[in-house]
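Breakdown of the fold
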Amino acid sequence: VLDVPESHLCCGSAGVYNILQPELAGQLRARKAANIESTKPDLIAAGKVAGRRVFIRADLNVPQDDAGHITEDTRIRASIPAIQMALDAGAAVMVTSHLGRPTEGEFKPEDSLAPVAARMGQLMNRNIRVVADWVDGDFSVAPGEVVMLENCRLNVGEKKNKPELAAKLGKL
């Protein structure tokens, strides 16, 4: 088992838990080699996500037509089991992804995850609100709620894995 503070746990798109702190990367690599998937049920079974925020970095980069309508939603559908697992465990769920190839720090409407949140909401039969400017954590999310954090590629430092951005994500 990883020796990681609970405040540094987050859930990846396949439901595996990742570490955002660079100094723990070696432990993460060792744990992955020993099948990190086994950590997921242990954290949920131990009640460690109930009432807590769970950050899910999913691959929701879905194709869209010229009008911005999603033309194929397999990646959204694939992410739902991990999201639902966290919800069922009582977590407040924050989902983000990249969409397209936006320029860091420059929001354009076509870069928004709003269509993804709408489609995910349809599939999950719930309202999923989109949160912009979320990196500093100045937003609310309640246990049992899912929010879509706006396109993570807009965050300065995301493409190059900047430690400053990783530290902010770790505090969400």
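Residues numbered from 1 in each chain as written. Predicted model: local features only at pLDDT ≥ 70, side-chain atom pairs only at ≥ 80, totals over all residues. Heavy atoms only, no water.

1. Details of the overall build of the protein chain
- For the protein chain, the count of helices and strands is five helices and six strands.
- Put simply, the protein chain runs from its N terminus to its C terminus through helices and strands in the order β-β-α-α-β-α-β-α-β-β-α.
- Residues classed as buried in the protein chain amount to 42% of the 172 residues present.
- Sequence separation of 24 or more characterises 65% of the internal contacts of the protein chain that already satisfy a separation of 6 or more. (Helix = DSSP H or I, 4+ residues; strand = E, 2+ residues; numbered from the N terminus. Buried < 20%, exposed > 50% of the residue type's maximum accessible area, 1.4 Å probe, protein only. Contact = heavy atoms within 4.5 Å.)

2. Side note on the packing of helix α3 (residues 74-88) against helix α4 (residues 114-124)
- One way to put it is that α3 packs onto α4 with a least axis distance of 11 Å and a crossing angle of 65°. Accordingly, the angle class assigned to the pair α3 and α4 is roughly perpendicular. You can see that α3 and α4 cross each other, and the crossing is right-handed. Residues I76, R77, S79, I80, I83, Q84 and L87 of α3 form the contact with α4, whose own contacting residues are V116, R119, M120, L123 and M124. (Axes fitted to C-alpha atoms, helices over the stretch in contact; angles between N-to-C directions. Parallel < 35°, antiparallel > 145°, perpendicular 65-115°, else oblique. Left-handed = near helix turned anticlockwise from the far one by under 90°.)

3. Focus: the nonpolar core
- One finds L60, I83, V93, V95, V116, M120 and M148 to be the most contacted residues of the largest nonpolar core, which totals 24 residues.
- Counting residues per element, the ones that place at least two in this core are β3 (53-57), α3, β4 (92-96), α4 and β6 (146-149).
- For this core, the element with the most residues is α3, which contributes five residues.
- In this structure, M94, W134, V147 and L172 belong to the second largest nonpolar core, which totals 14 residues. (Core = buried A, V, L, I, M, F, W, Y, C linked by side-chain atoms within 4.5 Å.)

4. Concerning the pairing of β3
- Bridge analysis of β3 against β4 gives five bridges, and the strand direction is parallel. The residue bridging I56 from the neighbouring strand is V95, located in β4. (Pairing = 2+ DSSP bridges.)

5. Concerning the environment of A92
- Mapped onto the elements, A92 comes out in strand β4.
- When the C-alpha positions of A92 and P143 are compared, they lie 3.9 Å apart, and in sequence the two are 51 residues distant.
- Ignoring sequence-local partners within four residues, the contact set of A92 consists of R52, R53, V54, V141, A142, P143, G144 and E145.

6. Focus on the packing of aromatic side chains
- The full count for this structure, using the stated rule, is one aromatic pair.
- For the ring pair F55 and W134, a centre distance of 6.1 Å and an interplane angle of 40° mean the geometry is tilted. Here F55, found in strand β3, pairs with W134, found in the loop between β5 (129-131) and β6; they are 79 residues apart in sequence, far enough to count as distant. The exposure classification of F55 matches that of W134, with both residues buried.
- The ring of F139 has R53 sitting right over it, with the charged end atom 4.5 Å from the ring centre. (Phe/Tyr/Trp six-rings, centres within 6.5 Å; stacked < 30°, edge-to-face > 60°. Lys NZ or Arg CZ within 6 Å of the ring centre and 35° of its normal.)

7. Examining the pattern of salt bridges
- Applying the stated rule across the entire model yields seven salt bridges.
- Taking the shortest distance from any N to any O, the salt bridge between R129 and E145 comes out at 3.0 Å. Of the two residues, R129 is situated in strand β5 and E145 in the loop between β5 and β6; the sequence distance between them amounts to 16 residues.
- Note on R129: relative accessible area 31%, which makes it partly exposed.
- The network of salt bridges with common partners includes R57, R153 and E158. (Salt bridge = Lys/Arg side-chain N within 4 Å of Asp/Glu carboxyl O.)

8. Concerning the side chain of N151
- Inspection of the secondary structure assignment puts N151 in the loop between β6 and α5 (163-170).
- Overall, the relative accessible area of 1% leaves N151 in the buried class.
- At a separation of 2.9 Å, a polar atom in the side chain of N151 contacts the main-chain carbonyl oxygen of D111.
- Within the local environment of N151, its side chain forms a polar contact with the backbone nitrogen of R153, the two atoms lying 3.1 Å apart.
- Beyond its immediate sequence surroundings of up to four residues, N151 is in contact with T96, S97, H98, L99, P102, D111 and L113. (Polar contact = N/O pair within 3.5 Å; in protein donor to acceptor, adjacent residues only side chain to side chain.)

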